[in-house]
Amino acid sequence: MGNGMMAGFYRLSEWVMRLAYVNLLWILFTLVGAVFFGIGPATAAMFAVNRKWIQDEDIGVFKTFWKSYRTEFKRANLLMFTLGVIGFLLYLDARFFFTQEGLIYVFFSYFTVGLFIIYFMVLLYIFPVFVHYEFKLFQYIKSAILFAFSNPLITILMAAGCFVVYYLTFSVSGLIPFFGVSLYSFVLMLFSNHSFKKAEEKAQALKELEKEKQKEDELSEAN
């Protein structure tokens, strides 16, 4: 029992150090990109590292982080810029509609709220999708929406996990420099990885069914 507790404590300590390290890398490389050009690729690199950890891959953290940061610099910045523009336009729409009077503006106010909810769900999935798949820009947004709606329970758990992380980090403000971003990344990558596995298992099952159907068709033709 004592050995088990020590092993558990060691494992927990290892994860604490991992997350603190990758959080510091995120801060450093965000600053390297002058914040505006650094936050996108640094976030993508952080998710790439967490993805490898969740898949139990033995990696060099700095090497993996730097490789992702460098290779995804342009695409990650384009993705972050697109998300920023969409979020800003939604904010402007919300400010306009909520300050107007009339039934039509009430309708558009609620419509904008619905778009904000979808936008939030996209934010939950977008970087996990970005580091897991090779798509074009708007395919990432489309895929994030599909994953969010096709896995509602996991999406709710992701949102709840973000709330818990927010509560913990802001309740103990000293945690923010060490876990303020990496904990979010780990939680989102952990849950989204389940969504990806489910999707890949379904795709594999469909392939197997298609193969079986093809064999049956070939046998019927032969007979």
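Everything numeric in this text was worked out from a predicted model, so none of it was measured.

**Student:** I'm lost on the overall build of the chain in this one. Help?
**Tutor:** Helix and strand counts for the chain stand at nine helices and zero strands. Taken from N to C terminus, the helices and strands of the chain fall in the order α-α-α-α-α-α-α-α-α. Counting the 223 residues in the chain, one finds 37% classified as buried. A sequence separation of at least 24 residues applies to 70% of the contacts in the chain between residues at least 6 apart. With an accessible surface of roughly 14200 Å², the chain has 71% of that area assigned to carbon and sulfur atoms.

**Student:** Explain unusual backbone geometry here, please?
**Tutor:** For residues other than glycine, phi is negative in most cases, and the peptide bonds are mostly trans. At A34, a residue that is not glycine, the phi angle is positive and equals roughly 55 degrees. Assignment of secondary structure puts A34 in the loop between helix 1 (2-32) and helix 2 (39-54). The backbone phi angle of V35 is positive, close to 65 degrees, even though this residue is not glycine. Position of V35 relative to the elements: it lies in the loop between helix 1 and helix 2.

**Student:** How should I be thinking about the side chain of S185 in this particular structure?
**Tutor:** Its location among the elements puts S185 in helix 9 (residues 182-222). Exposure remark for S185: the relative accessible area of 1% places this residue in the buried category.

**Student:** Explanation requested: helix 6 (residues 137-150) in the structure shown.
**Tutor:** Since the α-helix turns once every 3.6 residues, residues separated by three or four places project in the same direction. Given a rise of 1.5 Å per residue, 14 residues ought to cover 20 Å, and the 20 Å separating the end C-alpha atoms of helix 6 matches this to within 8%. What helix 6 keeps buried is the set Y140, I141, S143, A144, F147 and A148. Projection of helix 6 onto a plane perpendicular to its axis shows the buried side chains occupying an angular sector of 165 degrees, all on one side. For helix 6, the exposed residues lying more than 90 degrees away from the buried face are F138, K142 and L146.

**Student:** Would you explain the packing of aromatic side chains in this entry?
**Tutor:** Centre distance and the angle of the planes are the two values used to describe a pair of aromatic rings. Enumeration according to the criterion identifies 25 aromatic pairs in this entry. Between W66 and Y69 the ring centres are 6.1 Å apart and the planes differ by 20 degrees, which places this aromatic pair in the stacked class. Of the two residues, W66 and Y69 are both situated in helix 3 (residues 61-71); the distance of three residues between them amounts to about one turn of the helix. On the basis of relative accessibility, which here comes to 4%, the residue Y69 falls in the buried class. Between F135 and Y140 the ring centres are 5.6 Å apart and the planes differ by 55 degrees, which places this aromatic pair in the tilted class. The class for F135 is partly exposed, based on a relative accessible area of 27%. Counting every residue linked through ring pairs, the aromatic cluster contains F47, Y125, F127, F130, Y133, F135, Y140, F147 and F196. Its guanidinium or amino end placed over the ring of W15, R18 lies 4.6 Å from that ring's centre, counting from NZ or CZ.

**Student:** How should I be thinking about the packing of helix 5 (residues 103-132) against helix 7 (residues 152-171) in this particular structure?
**Tutor:** Relative orientation of the contacting elements helix 5 and helix 7 amounts to 85 degrees, with a least axis distance of 11 Å. One element, helix 5, and the other, helix 7, form an angle in the roughly perpendicular class. On helix 7, the residues that touch F120, M121, L124 and Y125 of helix 5 are I154, T155, M158, A159 and C162. A breakdown of the residues in the contact of helix 5 with helix 7 according to their chemical character gives eight nonpolar, one polar and no charged.

**Student:** Even after reading the chapter, I still don't get the side chain of T82, so can you show me in this structure?
**Tutor:** Along the polypeptide, T82 turns up in helix 4 (residues 73-98). For T82, a relative accessible area of 11% puts it in the buried group. If near-sequence neighbours (up to four positions away) are discounted, T82 is found in contact with L137, F138 and I141.

Conventions and cut-offs
Residues numbered from 1 in each chain as written. Predicted model: local features only at pLDDT ≥ 70, side-chain atom pairs only at ≥ 80, totals over all residues. Heavy atoms only, no water. Helix = DSSP H or I, 4+ residues; strand = E, 2+ residues; numbered from the N terminus. Buried < 20%, exposed > 50% of the residue type's maximum accessible area, 1.4 Å probe, protein only. Contact = heavy atoms within 4.5 Å. Areas by Shrake-Rupley, 256 points an atom, 1.4 Å probe, with all protein chains shown as cover. Expected span 1.5 Å × (residues − 1). Arc of directions from axis to C-beta. Phe/Tyr/Trp six-rings, centres within 6.5 Å; stacked < 30°, edge-to-face > 60°. Lys NZ or Arg CZ within 6 Å of the ring centre and 35° of its normal. Axes fitted to C-alpha atoms, helices over the stretch in contact; angles between N-to-C directions. Parallel < 35°, antiparallel > 145°, perpendicular 65-115°, else oblique. Nonpolar A, V, L, I, M, F, W, Y, C, P; charged D, E, K, R; others polar.

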